[in-house]
Amino acid sequence: MYNPGSSQRIVFLGIITSVVIIFLIRLFYVQVINESYSVSATNNVLRYITDYPARGMIYDRKGKIVAFNQAVYDLMVIPKQVKEIDTLEFCKLLDISKESFIEKMKKATTFSRMKASTFEKQISAESFASFQEKLYKFQGFYVQPRTLRKYPNNTAAHVLGYIGEVNDELIAKNPYYRIGDYIGISGIEQSYELELRGRRGVRIVMVDVFNREKGSYKGGIYDTIAIAGQNLVATLDADLQSYGEQLLQNKIGSVVAIEPQTGEILAMISSPSYDPNLLVGRVRSKNYGYLLKDENKPLFNRAMQAYYPPGSTFKLTNALAALQEGIININTSYPHSFVVGSKSVKCHPHPAIALEGAIQYSCNPYFCNTFRSFIDNRKYGSSENGYRLWREYQMSFGVGKKIGVDMPHELKGLIPSVEFYDKYYGKGHWKASTIYSLGIGQGELGINPMQMANIICIIANKGYYYTPHVIKQIGKHPNTTRNLAERHYTKVSAENFNIIQDGMQRVVEAGTARVARFDSLVICGKTGTAQNPHGKDHSLFVAFAPRDNPKIAIAVMVENAGFGATWAAPIASLMMEKYLKDSVKRHDLEERMLKGYLLPLQNKSPENPGLKVKDNTPVKPKSKKDSSVALLNNKKKKK
Amino acid sequence: MRKQNSIFENIDWVLVVFYVVLVLLGWVNIYAAVYNEEHKNMFDLTQNYGRQMLWIGTSLVIGLAILVIDGKFYAAFSFPIYIVTMGILLVVLVIARDVQGARSWIEIGSFKLQPSEFAKVATNMAIAKYLSALGIRMEDMKTKITAGLLILLPMALVLLQNDTGSALVFIAFIFVLYREGLSQNVLIFGFLAGVLFVLALMVPNTVLIGVIGGLGLVAYLLMRKTRNNLIVILIITALCSGIVFSVDYAFNEILQTHQRERIEVLLGKRSDPKGAGYNVNQSLIAIGSGGLTGKGFLQGTQTKYDFVPEQSTDFIFCTVGEEWGFVGTAFVLILFTLLLYRIVFIAERQRSTYTRIYAYGVASILFFHLMINVGMAIGLAPVIGIPLPFFSYGGSSLWGFTVLLFVLIKLDSYRMYILR
């Protein structure tokens, strides 16, 4: 029998052994050395699901919701996992074209094949319901619930602000935010972003090959729970706010109303305004573009960002400073004119007057003289020192500095420093007669309506103010994020305010602002007509009421509207009536204000009919929304 | 010769232990591969692991039955068994339904059987019977041709069933023929042909032919003293060139599209992790993510969440790799290696040529399966769907391997009594 011996056996065993050794080496490499497979396995099975906390809601002071959230769904895609799908059905369900599908897919793939990116944003709850049933058919796609901001009253756009997706710059600066996150961009949404946003949670879930969820990863020990944002209670009175917006429609201007005893901002209006819902969701950037192009600058919050010469309202603080320094007293009177070289400031005819009367009649020469008495007073040694002190007084009223409103983009305004005048006129080359117009609120002064309202609060409080603010409550607790309880005192003592208040009362009762009277309420006010180099004077009125127990202090500024008594005083008065009496009885006045059309003429062109004066629309919050939406629609048509 | 006292007399328990351990390990991994929260019962017959338990039970019965039958039966009836099996393969061709492209199943009610699994056993018996006959010498051309035909017949029939994987297994008998005296040149040439096949696909033909010619010339210059060498060198060079030229044709015209793609994926000529390369890619991810010690029993995410297709059958090795890590895969590989060593050891201790040849056949078949199955799972072999012996889910394959091994155990138990 043939038996070839052991060599074949050795060869055979040798082959087996070599193959096994090759396999072992390969396995060692694949399993122990190469880590990439572990990463792939993780990517296969783990999905990081972000739980977006609900953004906090915002209520007004009466408990009315002014901002809430609406559920929408973002459709996410992981291109690598997308298998053959019925594109036609998919597009039909989402109501998109095939081209758009291809383009979106391409975009997602370019971003990353492995990572999820948003395929379609903000699908409404209704469309999502029908889509959800079919979702299992579309491997690689999943939905992420999101919320969309809604502002049900269509009001207070500038105060509430808006939210938008974070940009790359912000992501680089703040590690919390990630692509696709929303952040408050202006208004309360921005200044209370931290409180409103809550904290994002991440759930790690495992999915099978069909992308079905199979439970949490390692029992959820790596998950973080989303913390809902806190609800805020605003100081705003939504009704008053929206009434004020109505009164200011078709006018450029601003109203700020503050409760003097607390610093709570009751209304902050900047006109023209817009419907805050325009800057929500998918239409945001488009609408933003339209608003940005609007020549009346509806995005501009005039209440805090516009500088105006304060005009006659500044006579009040001017007088207060002089009273405190003993430069004038209640009986001081000045000649009926103020002469500087060849120029002279004159006044309209009125009887010879002391301080109260000067306020009542808004006597320009009186306050120019007061200003000169102060600045050039010998006891300060020089006009420079006099002016420095006078400026300190004004600044203690919150002028020329940020008063710390809990809103973004507050501007500090302008009140020139000694150095400014030194530079401008040369050191020692200026004195009261050079800069006397400051005494009557003209010249190089810039004050925003918020600061004006705050000055009125100080006068109403006889010497101090609380930092004006728009949020009074965070969650269930008082707002302690800012120092809101502290009284900020001026350099003027309380008794001096009585004289000024007397004068202001006379302004309304027998002076320039008789139009502002209503019921038997004791109202203190002051008109202003701020000259302005760009056109017609600004109409200005400041007031507070009732005098004994001030509930509301208000500053109204209507641009290029003429005398303070014509537009600003009636608007302020109507708003005070609305706030204090809850309803307005003076319908004729109300109607006249509502009808008033004071926008620059060029906007009246027929190609822009959206800005036409509305018919005698009754005061309903809705009408304003309609007008701003109509404006946008028109612009769209124009394109 | 005398009768055995007991059917367990002289049984090689080492083989039995290997068998039991491998089958149970296989079952554990099938359980893991199919496991889901809804079906935790180990004997749930709607699940593969429940059914595999059934197959294991019946396999034990089959094994026992084989031990009960007189050992002489197998040698005596080798040819009849071979002929009947070939007959069944033919019948399958006629009656089988198309299942995933292959027509290789006999269905009796819900019971399905794959005769090709048993054809390996029958062929092994026939080869052993033929080569162990008196006066048969491997050197004879007649012997080579007859043995070749015995192998090629079932191979062709299985190929006709479109079950390429199972057909390729019959190549394993080359090792048997080699052990029985076939020139080692056949192995070398086979290896060379394989290398040339791969090179021909990777390197442009002209370059390859140039290199072969160059090597031929160098060989000639080194060994030009004898005329014989020159002729051999010429023949080899010509043959090599012939292979190179025919590869393109064979690759593009004979292979089916999916086979072509799988080879291209293996050679890295095609990156298609979602299509043709999906299985291998996911398999590698599963095995690779196992790390040194694995993710633990039932903790493999690739396994649990069905990322690897065919995981309880052809890709069962992934489960081992993912859940037990390198420790597990090395253990299984070494277990198989020891089993093969044991079988070769058993083969060489036989006085009976039939048993020796049969034993080599068993070793060769098991080795071939191991090499292809594991090689495919770790991306070293093209995707050829053949099971991992004793491990993979499937009644036919488990029964087939059980018969293959237990006939050997039975034959071996006669080693003391039979002189030839």
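Quick note: structure is the one above.
Not measured: the values here are computed from a predicted model.

A. Structural context of the overall build of chain B. When helices and strands are tallied, chain B shows 17 helices and two strands. Computed over the C-alpha atoms, the radius of gyration of chain B is 23 Å, within 12% of the 22 Å expected from 2.2 N^0.38 for a compact globule of 420 residues. A sequence separation of at least 24 residues applies to 71% of the contacts in chain B between residues at least 6 apart. Carbon and sulfur atoms provide 69% of the accessible area of chain B, an area that totals close to 18,100 Å². Side chains of chain B give 31 positive and 25 negative charges; the mean places of these two sets differ by 11 Å.

B. Layout of the pairing of strand S14 (residues 343–346) of chain A. Residues and elements named next belong to chain A. Across four bridges, the pairing between strand S13 (residues 337–340) and S14 is antiparallel. Along S14, the bridge assignment pairs Val339 with Ser344. Linking S13 to S14, which pair antiparallel, is a turn of two residues; within it Gly341 sits at a positive phi near 55°.

C. How the structure looks around the packing of aromatic side chains. This structure, assessed with the given rule, holds 50 aromatic pairs over all chains. Between Tyr421 of chain A and Tyr425 of chain A the ring centres are 5.9 Å apart and the planes differ by 20°, which places this aromatic pair in the stacked class. Taken together, the positions of Tyr421 of chain A and Tyr425 of chain A, both in helix H17 (residues 418–425) and four residues apart, correspond to about one turn of that helix. Accessibility expressed as a relative area gives 0% for Tyr421 of chain A, which makes it buried. Both rings, one in Tyr19 of chain B and one in Phe390 of chain B, keep their centres 5.4 Å apart while their planes meet at 85°; by these two values the pair is edge-to-face. One end of the pair, Tyr19 of chain B, is in helix H1 (residues 13–34); the other, Phe390 of chain B, is in the loop between helix H16 (353–377) and helix H17 (395–412), with 371 residues separating them in the sequence. For the pair formed by Tyr19 of chain B and Phe390 of chain B, the shared burial category is buried. Aromatic ring contacts, followed pair by pair, group Phe314, Phe371, Tyr387, Trp390, Phe420, Tyr421, Tyr424, Tyr425 and Trp430 of chain A into a single cluster.

D. Local environment of the interface of chain B and chain A. Counting from both sides, the interface comprises 48 residues of chain B and, opposite them, 41 residues of chain A. Joining chain B to chain A, the criterion identifies zero salt bridges. Summed over the shared surface of chain B and chain A, the result is eight residue pairs in polar contact (both at pLDDT 80 or more). Contributions of two or more residues to the side of chain B that touches chain A are made by helix H8 (173–179), helix H13 (278–288), helix H14 (301–304), helix H15 (316–348) and H16 of chain B. For the side of chain B that touches chain A, the leading source of residues is H15 of chain B, giving twelve residues. In the side of chain B that touches chain A, the residues fall into 25 nonpolar, 15 polar and eight charged.

Procedures and definitions
- Residues numbered from 1 in each chain as written.
- Chains lettered and ligands numbered in written order.
- Predicted model: local features only at pLDDT ≥ 70, side-chain atom pairs only at ≥ 80, totals over all residues.
- Heavy atoms only, no water.
- Helix = DSSP H or I, 4+ residues; strand = E, 2+ residues; numbered from the N terminus.
- Rg over C-alpha atoms; globule rule 2.2 N^0.38 Å.
- Contact = heavy atoms within 4.5 Å.
- Areas by Shrake-Rupley, 256 points an atom, 1.4 Å probe, with all protein chains shown as cover.
- Lys, Arg positive; Asp, Glu negative; His and termini not counted.
- Charge placed at Lys NZ, Arg CZ, Asp CG, Glu CD.
- Pairing = 2+ DSSP bridges.
- Phe/Tyr/Trp six-rings, centres within 6.5 Å; stacked < 30°, edge-to-face > 60°.
- Buried < 20%, exposed > 50% of the residue type's maximum accessible area, 1.4 Å probe, protein only.
- Salt bridge = Lys/Arg side-chain N within 4 Å of Asp/Glu carboxyl O.
- Polar contact = N/O pair within 3.5 Å; in protein donor to acceptor, adjacent residues only side chain to side chain.
- Nonpolar A, V, L, I, M, F, W, Y, C, P; charged D, E, K, R; others polar.

Purely geometric stuff here, so don't read any function into it on its own.
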